[in-house]
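Summary of the model geometry
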Amino acid sequence: MSQTFVHPHAEFDRFPALVEEFGADVVADIIAAEAADFAWDSRFAERNLGAWDGFEDEDFDAEIVRIIGYFRSRYIVATCLVDADRRVRALLTERHFDRFEDAEQAFLDDGG
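Some remarks on the pattern of salt bridges
Throughout the structure, instances matching the rule amount to nine salt bridges. Between R99 and E101 there is a salt bridge, and its shortest N-O distance comes to 3.8 Å. Exposure remark for R99: the relative accessible area of 45% places this residue in the partly exposed category. In this structure, D102 and R99 form a salt bridge, with 3.1 Å as the shortest nitrogen-oxygen distance. One network of salt bridges, with partners in common, ties together R43, E46, E63 and R86.

So this is what it looks like as structure tokens:
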């Protein structure tokens, strides 16, 4: 008899529902185009890293935020640029991990 163990972070993974609704090929294209949004929406923890200085010609306030999330059955540690309304504006870095412990260490260290 085998047991199935569902990792508690799997509840954050929207990928299976997207594939079921739209099909794997369509979802792959959507993910590629909207990587920052998928990473941001997958997060279950975040750390503010400070204000973003930006470029001289830009007129919006933003923060740099490190996140840890779970998507496509893997952990994501990413550094994002987030505006004042807490909407992700850019994905600055992104790393994927198979093990939570490795992702957590990257999240706490220099990780994204």
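A look at the nonpolar core
Counting 15 residues, the largest nonpolar core has W40, I67, F71 and C80 as the members making the most contacts within it. Secondary structure elements with two or more residues in this core: helix 2 (24-33), helix 3 (35-41), strand 2 (62-71) and strand 3 (74-83). Those residues in contact with C80 that lie beyond four places of it in its chain are W40, E63, I64, V65, I67, V88, A90, L91 and L92. Core analysis: the next-biggest nonpolar cluster, separate from the first, contains eight residues, Y70, Y75, A106 and F107 among them.

Quick word on helix 4 (residues 100-108)
Among the residues of helix 4, A103, A106 and F107 are the ones counted as buried. The buried residues of helix 4 occupy an angular sector of 100° when projected down its axis, which confines them to one face. Considering only its buried residues, helix 4 is in contact with strand 1 (43-51), strand 2, strand 3 and strand 4 (88-97).

Side note on the pairing of strand 2
Where burial is concerned, most of strand 2 is hidden: eight out of the 10 residues are buried. One ladder, built from 10 bridges, connects strand 2 with strand 3; its direction is antiparallel. Paired with Y70 across the bridge in strand 3 is Y75. Connecting strand 2 to the next strand, strand 3, in antiparallel fashion are two residues, including R72 with a positive phi near 60°.

Section: the pairing of strand 3
With nine of 10 residues buried, strand 3 lies mostly within the body of the structure. The loop that links strand 3 with its antiparallel partner strand 4 comprises four residues; one of these, R86, has a positive phi angle of about 65°.

Let's talk about the sheet that holds strand 4
In sheet architecture, strand pairing relies on hydrogen bonds along the backbone and comes in two forms, parallel and antiparallel. The antiparallel open sheet is built from four strands, whose spatial order is 1-2-3-4. Edge strands, defined here as strands with exactly one partner in the open sheet, are strand 1 and strand 4. Within the sheet, the average angular offset between the axes of one strand and its neighbour, ignoring direction, is 20°. Where strand 1 and strand 2 come together, seven bridges link them in antiparallel fashion. Across the sheet, N48 pairs through a bridge with V65, a residue of strand 2. The strands touched by helix 4 are strand 1, strand 2, strand 3 and strand 4; relative to strand 2, the strand with the most contacts, the crossing angle is about 175°.

Cut-off values and rules
- Residues numbered from 1 in each chain as written.
- Predicted model: local features only at pLDDT ≥ 70, side-chain atom pairs only at ≥ 80, totals over all residues.
- Heavy atoms only, no water.
- Salt bridge = Lys/Arg side-chain N within 4 Å of Asp/Glu carboxyl O.
- Buried < 20%, exposed > 50% of the residue type's maximum accessible area, 1.4 Å probe, protein only.
- Core = buried A, V, L, I, M, F, W, Y, C linked by side-chain atoms within 4.5 Å.
- Helix = DSSP H or I, 4+ residues; strand = E, 2+ residues; numbered from the N terminus.
- Contact = heavy atoms within 4.5 Å.
- Arc of directions from axis to C-beta.
- Pairing = 2+ DSSP bridges.
- Axes fitted to C-alpha atoms, helices over the stretch in contact; angles between N-to-C directions.

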